[in-house]
Amino acid sequence: MGEISRGGPSRRSLLASGAAAAGLGLMGARPAFAAVDWKKHAGTTLEVNLIKGPRGDLLHRSAAEFTALTGIKVSSEVIPEQQQRQKIVIELTSGRPSFDVVHLSYHVQKRQFDKAGWLADLSGFMKDPNLTEPSLKEADFSSAGLQYAKTPNGEMRSLPLSVDYFILYWNKELFQKKNVAYPETFDDMMRAAETLTDPKAGTYGFVGRGLRNANMALWGAFFLAYGGRFLDDKGNLLIDGPEAVEATKLYQRLLTKTAPPGVVGFNWMESMAAFTQGRAAMWLDGVGWAPPLEDPNASRVVGKVGYAVVPKGPKDHASATYGDGIGVASASTKKEAGYLYCQWAVSKLMGGRLLQAGGGVPFRDSILSDAEVQQGVKMPREWLDSVIGSAKISKLGLPVVVPVAEFRDIVGSAVTATLSGADPAAELKKAAEQYRPILERSEKA
């Protein structure tokens, strides 16, 4: 069993939270939230279910500040991601969840939650000036965030909390040694990777996820660059067309010709290890993995890392996007109080803290572009610029379907097979034939 935290934060964590807030240069909670009747539900107790990690931990340890602002007490349960996903589905299916507010992984649970109607519609709350501070508007969230949060009918069923954009990490020292220019396009990236690969020196041009299932996050970035769409407007699967085949050929070529030995078994951890050890010149993955690269206790490439928006693809310029959100259970009897918590969770104060600590990236453009927030970001300016640039070209990196795990397993197996020499077109055709009936059954259920 993983760690589960309940109740309010400890005195030590509150002191740490207060110290962190003091160093952020952000406005205090009350002035920032002055327009809202925050005390409307004072005396209420909210049960909040959070995913363990930088985002959930920040909300958990800062809960006393929300209580001071609103008079609403918070009992948080913080659970490791895989256990949390299983637990909340079981409880929501029962119709009597133990929580009022829930933290969800959009890229895995979006379609499932929409179909089941498990989350309350927040659209009306967002239009109420007594409940919503003026700067919280739909237009402030990136396009990918709105795709995740809104239903096909336009209802806002959650608030986008934290996003993970795919960016290109590159080793400036290795590029300089070979006199290679930064790649502006995917074709440039392929050529640069080949030039930078030197097995005798133990260095390689590119590293990324080769492991089945995990590889779908990287493959999705290539698929989008080739103009791919996972589903057409009628929900039909589009993963074996020319865009998918060409994307897979590039994936195959990069990982078989320019990546370290054993890449077929690499997830993000192994990819990060190769990059931080200076063994790989480029790494394409989520923006949230950056802090360890700048940690002298964990990285040999401190001060040598470049951060950039993903290069332009043959047909599109897109950053594969994943993320999480926070919403109120439809079954909750404390929906307004729950909404106030969600609003606080995505506020400038909390989003700024998350960004400045390197623990995540808020979906809200106003936070990313705020000079006061930017001043406190500890990561290099290039990293922040890559985040801001990626928000403008963000596209969902996985299909919005219920059987996401099956998609990642089946298509991921096909893509991994190409690293052993299998034909991309044949493998994708088999994967599509295997997955289509699974998808159709899920939509009829």
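As the structure is a computational prediction, the values presented were derived from the model and not from experiment.

## Observations concerning the overall build of the chain
Argument step 1. When helices and strands are counted, the chain shows 20 helices and nine strands.
Argument step 2. Against the 2.2 N^0.38 benchmark of 22 Å for 445 residues, the chain shows a C-alpha radius of gyration of 22 Å, consistent with a compact globule.
Argument step 3. For the chain, the spread of C-alpha atoms along the three principal axes comes to 65 × 50 × 40 Å.
Argument step 4. Expressed as a percentage of the 445 residues in the chain, the buried residues total 56%.
Argument step 5. A separation of at least 24 residues holds for 76% of the contacts in the chain among residues at least 6 apart in sequence.
Argument step 6. A total of about 18,000 Å² of accessible surface is found on the chain, and carbon and sulfur atoms cover 52% of it.
Argument step 7. Placing the 52 positive and 47 negative side-chain charges of the chain at their respective mean positions leaves the two points 2 Å apart.

## Section: the packing of helix α11 (residues 215-225) against helix α12 (residues 242-257)
Argument step 1. Between α11 and α12, the shortest axis-to-axis distance is 9 Å and the interhelical angle comes to 120 degrees. One finds that α11 runs oblique with respect to α12. Between α11 and α12 lies a crossing whose hand is right-handed. Note on element contacts: α12 touches α11 through E243, A244, A247, T248, L250, Y251, L254 and L255, opposite N215, L218, W219, F222 and F223.
Argument step 2. Counted by class, the contact of α11 with α12 contains ten nonpolar, two polar and one charged residues.

## Description of the packing of aromatic side chains
Argument step 1. In the structure shown here, the tally under the stated rule is 21 aromatic pairs.
Argument step 2. Measuring from ring centre to ring centre gives 6.5 Å for Y106 and F363, while their planes differ by 70 degrees; the resulting arrangement is edge-to-face. Of this pair, Y106 sits in helix α6 (residues 106-116) while F363 sits in the loop between β8 (361-362) and α16 (365-368); the two residues are 257 residues apart in sequence, bridging distant segments of the chain.
Argument step 3. The exposure class assigned to Y106 is buried, which follows from its relative accessible area of 2%.
Argument step 4. Between F407 and Y435, the aromatic rings sit 5.5 Å apart at their centres with planes inclined by 75 degrees, giving edge-to-face as the arrangement. Of this pair, F407 sits in helix α19 (residues 404-418) while Y435 sits in helix α20 (residues 424-444), placing them 28 residues apart in sequence. In this structure, F407 and Y435 share a single accessibility class: buried.
Argument step 5. An aromatic cluster is built from W219, F223, F230, F407 and Y435, whose rings are joined through pairwise contacts.

## A look at the nonpolar core
Argument step 1. Ranked by size, the top nonpolar core spans 140 residues in total, and within it L159, F206, F222, I326, Y341 and W383 carry the most contacts.
Argument step 2. Beyond its immediate stretch of four places on either side in the chain, Y341 contacts L46, V48, L50, L59, F66, V74, V101 and I326.

## Remarks on α12
Argument step 1. End to end, α12 covers 22 Å across 16 residues, agreeing with the expected 22 Å (1.5 Å per residue, within 8%).
Argument step 2. For α12, every residue scored as buried is listed here: A244, V245, A247, T248, L250, Y251, Q252, L254 and L255.
Argument step 3. Of the surrounding elements, those touching the buried residues of α12 are α10 (186-196), α11, α19 and α20.

## Quick look at the pairing of strand β6 (residues 305-309)
Argument step 1. By the criterion of burial, β6 is predominantly enclosed, with four of the five residues buried.
Argument step 2. Of the pairings in the sheet, the one linking strand β4 (residues 159-171) to β6 comprises five bridges and is antiparallel in character. The partner of N171 across the bridge, within β6, is V305.

## Side note on the packing of α12 against α20
Argument step 1. Viewed as axis vectors pointing N to C, α12 and α20 meet at an angle of 125 degrees, and their least axial separation amounts to 9 Å. As judged from the angle between their axes, α12 and α20 are oblique. Between α12 and α20 the crossing geometry is right-handed. Contacts between α12 and α20 involve A244, V245, T248, K249 and Q252 from the former and P424, A425 and L428 from the latter.
Argument step 2. Broken down by class, the residue content of the contact of α12 with α20 amounts to five nonpolar, two polar and one charged.

## Quick look at the pairing of strand β3 (residues 101-105)
Argument step 1. Counted residue by residue, β3 has five buried out of five residues, so it is predominantly covered.
Argument step 2. Where strand β1 (residues 45-51) lies against β3, two bridges are found, and the strand directions are parallel. Paired with V48 across the strands is V101, a residue of β3.

## Some details on the side chain of T197
Argument step 1. By the element assignment, T197 lies in the loop between α10 and α11.
Argument step 2. A relative accessible area of 17% places T197 in the buried class.
Argument step 3. Here T197 is in contact with T203, Y204, G205, K257 and T258, once residues within four sequence places are set aside.

## Overview of unusual backbone geometry
Argument step 1. Not every positive phi belongs to a glycine, and N179 is a case in point at roughly 55 degrees.
Argument step 2. A positive phi angle, near 80 degrees, is found at N213, a position not held by glycine.
Argument step 3. With respect to the helices and strands, the residue N213 is situated in the loop between α10 and α11.

## Side note on the pattern of salt bridges
Argument step 1. A full pass over the atoms with the stated rule returns 27 salt bridges.
Argument step 2. A salt bridge links E443 to R111, with the nearest nitrogen and oxygen atoms 2.6 Å apart. On the criterion of sequence distance, the pair formed by E443 in helix α20 and R111 in helix α6 is long-range, its members being 332 residues apart.
Argument step 3. A relative accessible area of 21% places R111 in the partly exposed class.

About the thresholds
- Residues numbered from 1 in each chain as written.
- Predicted model: local features only at pLDDT ≥ 70, side-chain atom pairs only at ≥ 80, totals over all residues.
- Heavy atoms only, no water.
- Helix = DSSP H or I, 4+ residues; strand = E, 2+ residues; numbered from the N terminus.
- Rg over C-alpha atoms; globule rule 2.2 N^0.38 Å.
- Buried < 20%, exposed > 50% of the residue type's maximum accessible area, 1.4 Å probe, protein only.
- Contact = heavy atoms within 4.5 Å.
- Areas by Shrake-Rupley, 256 points an atom, 1.4 Å probe, with all protein chains shown as cover.
- Lys, Arg positive; Asp, Glu negative; His and termini not counted.
- Charge placed at Lys NZ, Arg CZ, Asp CG, Glu CD.
- Axes fitted to C-alpha atoms, helices over the stretch in contact; angles between N-to-C directions.
- Parallel < 35°, antiparallel > 145°, perpendicular 65-115°, else oblique.
- Left-handed = near helix turned anticlockwise from the far one by under 90°.
- Nonpolar A, V, L, I, M, F, W, Y, C, P; charged D, E, K, R; others polar.
- Phe/Tyr/Trp six-rings, centres within 6.5 Å; stacked < 30°, edge-to-face > 60°.
- Core = buried A, V, L, I, M, F, W, Y, C linked by side-chain atoms within 4.5 Å.
- Expected span 1.5 Å × (residues − 1).
- Pairing = 2+ DSSP bridges.
- Salt bridge = Lys/Arg side-chain N within 4 Å of Asp/Glu carboxyl O.

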